[in-house]
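Notes for the structure review
Below are the chains, spelled out letter by letter.
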Amino acid sequence: MSEGRVRLTYRLDHGRERDVSVPPGVTAFDAASWNGIAIDSTCGGHGTCRKCGIRVIEGTVPIGSLDIRAFGPEKLREGWRLACRAAANEDLRIEVPELVTRPKAATVGVGRQVILRPAVQKRYLELTEPTLSDQVTDLDRVLAAIDDLELRVGLSALRGLGRTLRAADWKVTAVIVDDLLIDVEPGDTSARRYGIAFDLGTTTVVATLMDLATGAPLAAASMLSKQQPFGADVITRISATMMDSSALDKLRELAHETLDELAQEVCKEASVDPAEVYEIALAGNATMTHLALGVDPEPLGVAPFIMSARSFPSLHASDLGVRVHPAAPAMAFPALGAYVGGDIVAGLLASGMDRDKRLRLFIDIGTNCEIVLGSAYGLTATAAPAGPALEGAAIRCGMRAAEGAIEVVKLSPSGVEHGVIGDVRPAGLCGSGLVDAVAELVRVGLIDASGRFVPRDQAPPELAGRLTEVSGERVFVLHGEVYLSQRDVRELQFAKAAIATGWSLLFEELGVTARDVQQVLLAGSFGSYLSPASAVRIGLVPRLPLLRIVSAGNVAGEGAKLALLSLRERAGADALMEEVRYVELSDRPDFNDRFIEQLSFPV
Ligand code: FES
């Protein structure tokens, strides 16, 4: 037993052994699934299937009540225990029988295989009717049938209990979330249990309805945040609450309307009654989470940028205005700091950054860009103020990534080729199109290393005609009325310099170089559309082989799904709070010099 950890040695098929080390108290089942070792199970560790038998061959695990039901005296003497009940409080050597049924698992996040163990579980119960000689209360009758769990009971579970038990002829299903009994439903509803994962972005909010029995996503919907009229970024929304005392209430209501509309939409699409949604999970940045909960965000917006709390315990879906089961709890991801929020913790969870031995760089690009560098041996995070250019704002012909936006630009001897969202006439330029356009113009020498358009007579002849002026400013015409101006290039330089300064200073903090980075994960919706080649060309990401640069997609939403599907993964989010070191780079004395160095384009 090393300090604060216990070692579990699993003896697998053909005598193969695997060692893992976990904090004391973790069950043999959780420690195995956490480390990718499969143990038989169909209930995901809830103690109901009795398929997770293991034999403890060295060390001691006390016999529990479920072990007595699962094994005869002889097997118990031989060391047989249920893995999901076998808490490891000392070093153990464990024999794992060959698999008969694979545990139910789902692939979530960046290729993560997760064994299902949702907080929401259901137990079908056939109870005996009370008699004059059996005066046990209705609640005790239910609890006695679930005696392997120590349950707390919500008032919601009691309200209709008497009527439900009698109307259903004492055949009912208990709905349990974590250790809380929230409802007792008539009949056998055990196959129907759902949750909704929310990615609460500043611009866009996404909801995914998850089948918690199978791990499958059933429906997804997204919409622009209804808070948009209060400003496109978090600082403007915080300022709104500082200037108008009623703005916080209004912003909270708008967040609730957004979340609830999406919840109703995904339920409708999958023909699921919202009352069968028993838990929701929310991944959002610190400001968006504060606003959705109606918590004053002002301290987040002014130095020294302090959150009201890193985590919000005991939330209900109703606290977020989401009309699902009336007693459904809500889980909101904790935040590491005012500008490295719950969305990033969710993203790190989904990408498995804290378990991968490879050195990886995680970049979530937005108005505020979060950057995390590290591996299973430690993670360091920082935030870089990239500004709105990469979201198409502050750009002369900029627009969001919506229909009509040029998202891909390629220059060839025959001119300019572009990909337009929706395959319609170009109406503007979104972030990925901006990066592509500048990268291509740098590649052909039409923009020099300092970011200036070269004189027309030095431009490639087939493109020189596109260099012109609009309102006295030099521009490059991409299509019709859509052009890239000299000032747009400057805006992009500021954004990419902020991000590149962030990761290059993190390299210094950790004493590594770009070459040591084995994978760059581009997170967030913008990251998914960004061309890795263009990102390298303008110096937004380190110069690495393109295969090492991966679009990780909406990892915040994936993290929220993980939290719904696995209590173990949810505990991983809490562990990240201890494992990630946050560094503030902007107060380094050399920050400005480094930022200026990063403004130029690598040519
Ligand atoms: S995993 Fe089902 S009883 Fe242990």
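What comes next is a walk through the structure. (Residues numbered from 1 in each chain as written. Predicted model: local features only at pLDDT ≥ 70, side-chain atom pairs only at ≥ 80, totals over all residues. Heavy atoms only, no water.)

Counting secondary structure elements, the protein chain contains 19 helices and 29 strands. At 27 Å, the protein chain has a C-alpha radius of gyration in line with the 25 Å of a compact globule built from 603 residues. Taken along the three principal axes of its C-alpha coordinates, the protein chain extends 100 × 55 × 45 Å. Residue burial in the protein chain is summarised as follows: out of 603 residues, 55% are buried. At a minimum sequence separation of 6, the contacts of the protein chain that also span at least 24 residues come to 65%. Placing the 61 positive and 78 negative side-chain charges of the protein chain at their respective mean positions leaves the two points 4 Å apart. (Helix = DSSP H or I, 4+ residues; strand = E, 2+ residues; numbered from the N terminus. Rg over C-alpha atoms; globule rule 2.2 N^0.38 Å. Buried < 20%, exposed > 50% of the residue type's maximum accessible area, 1.4 Å probe, protein only. Contact = heavy atoms within 4.5 Å. Lys, Arg positive; Asp, Glu negative; His and termini not counted. Charge placed at Lys NZ, Arg CZ, Asp CG, Glu CD.)

With that out of the way, let us pick up the pairing of strand β25 (residues 473-479). The pairing of strand β24 (residues 467-470) with β25 spans 4 bridges and is classified as antiparallel. When the sheet's bridge partners are listed, valine 470 is paired in β25 with glutamate 473. When β25 meets strand β26 (residues 482-485), the two strands line up antiparallel, connected through 4 bridges. Across the sheet, residue valine 477 finds its bridge partner in β26, namely tyrosine 483. Taken together, β25 and the strand that follows it, β26, pair antiparallel across an intervening segment of 2 residues, in which glycine 480 is found at a positive phi of about 50°. (Pairing = 2+ DSSP bridges.)

Ordered by their spatial adjacency, 4 strands build an open sheet running β8-β10-β11-β9, and the pairing between neighbours is mixed. The two strands at the open ends of the sheet, each matched to only one other strand, are β8 (120-126) and β9 (152-153). Bridge analysis of β8 against strand β10 (residues 171-177) gives 7 bridges, and the strand direction is antiparallel. Bridge pairing in β10 places lysine 122 opposite valine 175.

Time to look at the packing of aromatic side chains. A full pass over the atoms with the stated rule returns 4 aromatic pairs. Between phenylalanine 71 and tryptophan 80, the ring centres sit 6.2 Å apart and the planes meet at 40°, which makes this aromatic pair tilted. For phenylalanine 71, a relative accessible area of 10% gives the class buried. Over the ring of tryptophan 80 we find lysine 75; its NZ or CZ atom is 4.4 Å from the centre of that ring. (Phe/Tyr/Trp six-rings, centres within 6.5 Å; stacked < 30°, edge-to-face > 60°. Lys NZ or Arg CZ within 6 Å of the ring centre and 35° of its normal.)

Put simply, helix α7 (residues 234-243) and helix α8 (residues 247-269) touch, their axes get as near as 7 Å, and they point 135° apart. Classified by the angle their axes make, α7 and α8 are oblique. Across the interface between the two elements, Arg237, Ala240 and Thr241 from α7 touch Ala247, Leu248 and Leu251 from α8. (Axes fitted to C-alpha atoms, helices over the stretch in contact; angles between N-to-C directions. Parallel < 35°, antiparallel > 145°, perpendicular 65-115°, else oblique.)

At a minimum axis separation of 7 Å, helix α11 (residues 342-351) and helix α17 (residues 555-565) run at an interaxial angle of 75°. By the criterion of interaxial angle, the relationship of α11 to α17 is roughly perpendicular. Between α11, through Asp343, Ala346, Gly347, Leu349 and Ala350, and α17, the contact on the second element is made entirely by Val555, Ala556, Glu558, Gly559, Ala560 and Leu562. When the residues that make up the contact of α11 with α17 are grouped by side-chain class, the tally is 7 nonpolar, 2 polar and 2 charged. (Nonpolar A, V, L, I, M, F, W, Y, C, P; charged D, E, K, R; others polar.)

All right, on to the pattern of salt bridges then. In this structure the tally under the stated criterion is 35 salt bridges. Its salt-bridge partner being arginine 11, residue glutamate 17 comes within 3.1 Å of it at the nearest N-O pair. Given the relative accessible area of 37%, glutamate 17 is considered partly exposed. One salt bridge in this structure joins arginine 55 and glutamate 95, with 3.5 Å as the shortest N-O distance. You can see arginine 55 sitting in strand β3 (residues 53-58) and its partner glutamate 95 sitting in strand β5 (residues 92-95), a full 40 residues away along the chain. The class for arginine 55 is partly exposed, based on a relative accessible area of 23%. The partly exposed category is assigned to glutamate 95, whose relative accessible area is 26%. The network of salt bridges with common partners includes Glu508, Glu509, Arg581, Arg588, Asp590, Arg594 and Glu597. (Salt bridge = Lys/Arg side-chain N within 4 Å of Asp/Glu carboxyl O.)

A few words on α11. A large share of α11 lies buried, amounting to 10 of its 10 residues. All of the buried residues along α11 are Gly342, Asp343, Ile344, Val345, Ala346, Gly347, Leu348, Leu349, Ala350 and Ser351. A positive backbone phi angle near 65° is found at glycine 352, which sits one or two residues after α11.

Right, let's get into the sheet that holds β5. Reading across from one edge, β2-β1-β5-β3-β4 is the order of the 5 strands in this open sheet, with mixed pairing throughout. A strand with exactly one partner marks an edge of an open sheet, and here the two such strands are β2 (17-22) and β4 (80-82). The sheet shows a mean angle of 35° between the axes of neighbouring strands, direction not considered. As paired elements, β3 and β4 share 3 bridges and run antiparallel to each other. Pairing of arginine 55 across the sheet is with tryptophan 80, part of β4.

With respect to the secondary-structure elements, arginine 117 resides in the loop between β7 (112-115) and β8. On the basis of relative accessible area, arginine 117 is assigned to the buried category, the value being 15%. Setting aside residues up to four positions removed in sequence, arginine 117 forms contacts with Asp30, Gly44, Gly45, His46, Leu565, Ser566 and Leu567.

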